Amino acid sequence: MRTLLLLSLAALVVLAVASSNAIAAGISVDAGLTPAEDRWILRSQVRYMRRNNDPTPMDRRMNMYAFPAVVAYGLRPDFTLMVRQVVKHMDMSMAGSRSRTTGLDDLFILGKYKLYRRNTPQYTFGIATTLGLEIPTGTNSFSSGTWDAQPGLYTSWRSGPWAADFNVAYSWNGFADRDESGVNPGDELSLDWALAYQLSIGDNARVTLAPVLELSYRNISSDRQGGLDVANTGESVLYLSPGAKLTVSSFILEALLQIPVWQDQQGLQLDRNLGFILGSRYMF
Amino acid sequence: MTRCTALFLTLSALLVCGTGCAVTDQDVTSESAQNSDTRVYEVFGMDCPGCHGGVEKLVKKIPGVQQAEANWQKKQLVVAVRPGTELNDEEVYDAIRRANFTAGKRIK
């Protein structure tokens, strides 16, 4: 019921964005990548996230580095296919002891289909639907252990130097199976807004610098096992993320500081702390 | 500190390289435009410098096109036609559509 309410809210937000003159361009979300037909986009990033404020006396702390690589290809003018693979490194400390783990996350494949696009001299507006599939190919420490489906909706608005994007995605985790221990991982709802303003550098229209502001909401339901919620799983978090994007012809450098302005941990998990994203994109 | 310096130098090198490539493209187009039939089309939907490459690549594949250069701020595509060849505007409009943009009128 709660999920349905959240999805309804998301649909309303999509309509609100579609009918307003707001604007953005996302760094934390890959669904915005839309190469033209027979064009490629390569995106690589370094993502850092820190978790601390242990509510237990064990003084747990975690530093997570993720290195996602995304390849997107324009199969047709209205269809984009993308593949994402993430290498992760986790540094965990607890009660004076420390452990480090490096491995692969699950492989993620996403298809994006253009439902509507209107290009006018004054503005450009587009709506696309996305469907992702996460395949449990990752190493034990990082794989969810299940096949996960991720339907979503992406809207974009451009007007002059302004750009606004909104993405809603729902990860239906373990839609076809459970992990080895019989646990069904909690589903995840993601809402992402991005607003950007492009400043031209020079007079050849090939270089721009865009300050970016993103707002991201994540709601992760508790894992389920035997019909019951698994303790200390599930969380909600809201990030406010300032950043910038430098575009030089077909090459983009991007940086984002992720600030968790609100969070609700359903149990004794660690709090999310500051994170950052540094990345680049190349189109050819 | 060493890592920060290395990162800064790498980013600077990439920036210089990217800017240099852009200037080279522009020079080639200007030169070729002087010696050939040049057409200018309105293109709506381009919203950043990264959009140029998509439409330019598709238009350059059309037989008879010598050079193509888009400008997202002017909302224009300049196409240089190879001397002695004919170019159908419909082929250019189709390439613009396949790049996810919308063609306006032909200005020149």
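One can find the structure itself at the top, above this paragraph.
In this text, all values refer to a predicted model and were calculated from it rather than measured experimentally.

Participant: Let's hear about the overall build of chain B: which residues, and what values?
Facilitator: Broken down by element type, chain B carries 3 helices and 4 strands. Along the chain direction, N to C, the helices and strands of chain B fall in the order α-β-α-β-β-α-β. Relative to its 108 residues, chain B shows a buried fraction of 44%. The contacts in chain B between residues at least 6 apart in sequence include a share of 64% that link residues at least 24 apart. As displayed, chain B offers around 5,800 Å² of accessible surface, 56% of which is attributable to carbon and sulfur atoms.

Participant: Summarise unusual backbone geometry; cite the residues concerned and give the values.
Facilitator: All names here are of chain A. For Asn53, which is not glycine, the phi torsion reads 60° and is therefore positive. Mapped onto the fold, Asn53 is located in the loop between β1 (40-52) and β2 (61-76). Positive phi outside glycine occurs at Ser249, with the angle close to 55°. When you line up the elements, Ser249 lands in the loop between β14 (235-248) and β15 (251-265).

Participant: Quick one: what's the story with the interface of chain A and chain B, residue by residue and with numbers?
Facilitator: Opposite the 30 residues of chain A that make contact, chain B presents 33 residues. Summed over both sides, the interface between chain A and chain B buries roughly 2,700 Å², with carbon and sulfur atoms accounting for 54% of that surface. For the chain A face of the interface with chain B, the top three residues by lost area are Asn119, Ala205 and Arg206 of chain A, together amounting to 22%. Residues Asp38 of chain A and Lys61 of chain B are paired through a salt bridge, measuring 2.5 Å at the closest nitrogen-oxygen approach. Counting across the interface, chain A meets chain B through 15 residue pairs in polar contact (both at pLDDT 80 or more). Of all the secondary structure elements, the ones that give two or more residues to the side of chain A that touches chain B are β5 (107-119), β11 (207-220), β14 and β15 of chain A.

Participant: Pulling in residues and values, what's your account of the sheet that holds strand β4 (residues 102-106) of chain B?
Facilitator: All names here are of chain B. Spatial ordering of the open sheet is given by β2-β3-β1-β4, a layout of 4 strands whose pairing is antiparallel. The sheet is open, and its two borders are formed by β2 (65-71) and β4, each paired with just one other strand. Averaged over neighbouring strand pairs, the angle between their axes works out to 30° when direction is ignored. As defined by bridge partners, β2 adjoins strand β3 (residues 76-81) across 6 bridges and the pair is classed as antiparallel. Bridging from a neighbouring strand, Ala68 pairs with Val79 of β3.

Participant: How would you explain the environment of Val81 of chain B if you had to name every residue and give the values?
Facilitator: Positionally, Val81 of chain B belongs in strand β3. Separated by 11 residues in the primary sequence, Val81 of chain B and Val92 of chain B have C-alpha atoms spaced 11 Å apart.

Participant: Now, about the pairing of strand β7 (residues 148-159) of chain A: what can you tell me, with residues and values included?
Facilitator: Residue and element names in this part refer to chain A. Counting buried positions along β7 yields 9 of 12 residues, so the element is predominantly enclosed. The pairing of strand β6 (residues 124-135) with β7 spans 11 bridges and is antiparallel. Bridging across to β7, Phe125 finds its partner in Trp157. Two strands pair when backbone bridges link them, and β7 and strand β8 (residues 162-171) are joined in this way by 8 bridges, in the antiparallel orientation. Within β8, the position partnered with Arg158 by the bridge is Ala163.

Thresholds applied
- All residue numbers refer to position in the chain's written sequence, counted from 1.
- Ligands are numbered from 1 and chains lettered from A, in the order in which they are written.
- With the structure being a predicted model, the display of local features is reserved for residues of pLDDT at least 70 and the display and counting of side-chain atom pairs for 80 or more, all residues being used for whole-chain, interface and lining totals.
- In computing side-chain properties, one takes all heavy atoms of the structure into account and sets aside hydrogens as well as water.
- We count a stretch as a helix when DSSP gives it H or I for four or more residues in a row; a strand needs E for two or more, and each element gets its number in order from the N terminus.
- With a 1.4 Å probe rolled over the protein chains alone, any residue whose accessible area is under 20% of its type maximum counts as buried; one over 50% counts as exposed, and the rest are partly exposed.
- Whether two residues touch is decided by their heavy atoms; if any such pair falls within 4.5 Å, the residues are in contact.
- For the area figures, the Shrake-Rupley method with a 1.4 Å probe applies, and any residue is considered shielded solely by the protein chains shown.
- Reported buried area values correspond to the accessible surface (1.4 Å probe) lost by two parts on association, with both partners' losses combined.
- When a carboxyl oxygen of Asp or Glu is within 4 Å of a side-chain nitrogen of Lys or Arg, the pair counts as a salt bridge.
- Two N or O atoms count as a polar contact when they lie within 3.5 Å, although within protein this holds only if one can serve as hydrogen donor and the other as acceptor, and sequence-adjacent residues are included solely when both atoms are side-chain atoms.
- Two strands are said to pair when DSSP picks up at least two bridges between them.
- Between N-to-C directions, angles span 0 to 180 degrees; the directions come from axes that are lines fitted to C-alpha atoms, helices contributing only their stretch in contact.

Purely geometric numbers; function is a separate question.
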